[in-house]
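One-letter residues, chain by chain:
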Amino acid sequence: MRKLLVIGVGPGDPRQVTIEAIDAMNSVDAFFVLDKAPERGLAVKHSLVGLRQEICERYIDGDYRFVEVPDPPRDRNPDDYRAEVRRWHDARADLIEAALATELADDGVGGILVWGDPALYDSTLRIVDTIIDRGRIDLEHTVIPGITSFASLTAAHKILLNRIGEPIHITTGRRLGETPEGAAANQVVMLDADCTFLQTAAPTDQIWWGAYLGTPDQILIEGTVGEVGETIRETRAAARERYGWIMDIYLLRR
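Residues numbered from 1 in each chain as written. Predicted model: local features only at pLDDT ≥ 70, side-chain atom pairs only at ≥ 80, totals over all residues. Heavy atoms only, no water.

J.: Break down the pairing of strand β4 (residues 109–114) for me, with residues and values.
T.: Most of β4 sits out of view: six of its six residues are buried. Across six bridges, strand β1 (residues 2–8) lies against β4 in parallel orientation. Residue pairing across strands places Gly-8 opposite Val-114, the latter belonging to β4. (Buried < 20%, exposed > 50% of the residue type's maximum accessible area, 1.4 Å probe, protein only. Helix = DSSP H or I, 4+ residues; strand = E, 2+ residues; numbered from the N terminus. Pairing = 2+ DSSP bridges.)

Below you can see the structure in the form of structure tokens.
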């Protein structure tokens, strides 16, 4: 039976890859990478594929292969968001399933390196479950946790995630405006391409923002939304233009 290891590798700093993840990586025959190609002619080393390769080169002693799978297109402004995401996940499952069948021996070990932790706002486990439920290939999988991006964010800013006894609400930019009453004290916000806090937060709300956490390109900005909100928006847009991609997260505190 083929084995697939879904390995959390943290937000980007190779030093934040756990020993458990390193042990798992050293048992992998082929890593399956589903990513967009670098945009605007960017070198591979600046891409998400390049960062994964750097992590592997640092920690793996034996032989391994990278199998790059082109990411299927996705409508970013669909009429039905959930339906479009399900369609996109199914298309991803088709491609990964085909790659596993053709690129991995029946008794081989495959690996998928997931940024942060596989359980937090990542589609990999849903896709693996879809492949297993189809039953077309025999596949056994194991999940290795990783350091989350919000742990790296709070460490970089040297802050606590919450004040004494307060709840923590983890959400996305798309859902930020739907934060329930009483849950806005500490909002961890991911996947916010539109800087939604500029529309939902009060000018006096505190924000701690970070991008490319743990990498040489790390950017950190903190202050009130009124003081630094526009600076974050402009900085984010410039970084996205420069590198062709961006991974960022912020803590919003009322």
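J.: Got a sec to walk through the pattern of salt bridges? Specific residues and values, please.
T.: What the rule picks out here adds up to 14 salt bridges. A salt bridge links Arg-87 to Glu-84; the shortest N-O distance between them is 2.9 Å. Here Arg-87 pairs with Glu-84, and both are found in helix α3 (residues 81–103), just three residues apart, close to one helical turn. A relative accessible area of 12% places Glu-84 in the buried class. (Salt bridge = Lys/Arg side-chain N within 4 Å of Asp/Glu carboxyl O.)

J.: Outline the sheet that holds strand β6 (residues 169–172), supporting the account with residue identities and numerical values.
T.: The sheet built from five strands is open, its strands ordered β6-β7-β10-β8-β9 with mixed pairing. Looking at strand neighbours, the two that pair on one side only are β6 and β9 (219–224), the edges of this open sheet. On average, adjacent strands in this sheet sit at an angle of 15 degrees to one another, irrespective of strand direction. Examined bridge by bridge, strand β7 (residues 186–190) and strand β10 (residues 248–253) share five bridges and lie antiparallel to one another. (Axes fitted to C-alpha atoms, helices over the stretch in contact; angles between N-to-C directions.)

J.: Just give me the short version of the packing of aromatic side chains, but keep the residues and values in it.
T.: Taken as a whole and assessed by the stated rule, the structure comprises six aromatic pairs. Between Phe-31 and Phe-66, the aromatic rings sit 5.7 Å apart at their centres with planes inclined by 40 degrees, giving tilted as the arrangement. Here Phe-31 is found in strand β2 (residues 30–35), whereas its partner Phe-66 is found in strand β3 (residues 65–70), with 35 residues between them in sequence. Each member of the aromatic cluster is reached from another via a ring pair, and the members are Phe-31, Tyr-64 and Phe-66. Lying across the ring of Trp-88, Arg-74 places its NZ or CZ 4.6 Å from the centre. When the ring centre of Tyr-81 is taken as origin, the NZ or CZ atom of Arg-174, which lies over that ring, is 3.7 Å away. (Phe/Tyr/Trp six-rings, centres within 6.5 Å; stacked < 30°, edge-to-face > 60°. Lys NZ or Arg CZ within 6 Å of the ring centre and 35° of its normal.)

J.: Help me get a handle on unusual backbone geometry, residues and values and all.
T.: Most peptide bonds are trans, and most residues other than glycine sit at a negative phi. Unusually for a residue other than glycine, Lys-158 sits at a positive phi of about 60 degrees. Mapped onto the fold, Lys-158 is located in the loop between α5 (149–157) and β6. Judged by relative accessible area, Lys-158 falls into the exposed class, the value being 77%. For Leu-191, which is not glycine, the phi dihedral falls at a positive 55 degrees. Looking at the secondary structure, you find Leu-191 in the loop between β7 and α6 (197–200). For Leu-191, a relative accessible area of 58% gives the class exposed.

J.: Describe the side chain of Gln-187, listing the residues and the values that go with them.
T.: Among the secondary structure elements, Gln-187 is positioned in strand β7. At 2.6 Å, the side chain of Gln-187 and the side chain of Thr-179 are in polar contact. With sequence-adjacent residues up to four places away left out, Gln-187 is seen in contact with His-169, Leu-176, Thr-179, Tyr-250, Leu-251, Leu-252 and Arg-254. (Polar contact = N/O pair within 3.5 Å; in protein donor to acceptor, adjacent residues only side chain to side chain. Contact = heavy atoms within 4.5 Å.)

J.: Run through the side chain of Ser-123, naming residues and quoting values.
T.: Mapped onto the elements, Ser-123 comes out in the loop between β4 and α4 (124–134). At 3.1 Å, the side chain of Ser-123 and the side chain of Arg-92 are in polar contact. The contacts of Ser-123, once residues within four sequence positions are left out, are His-89 and Arg-92.

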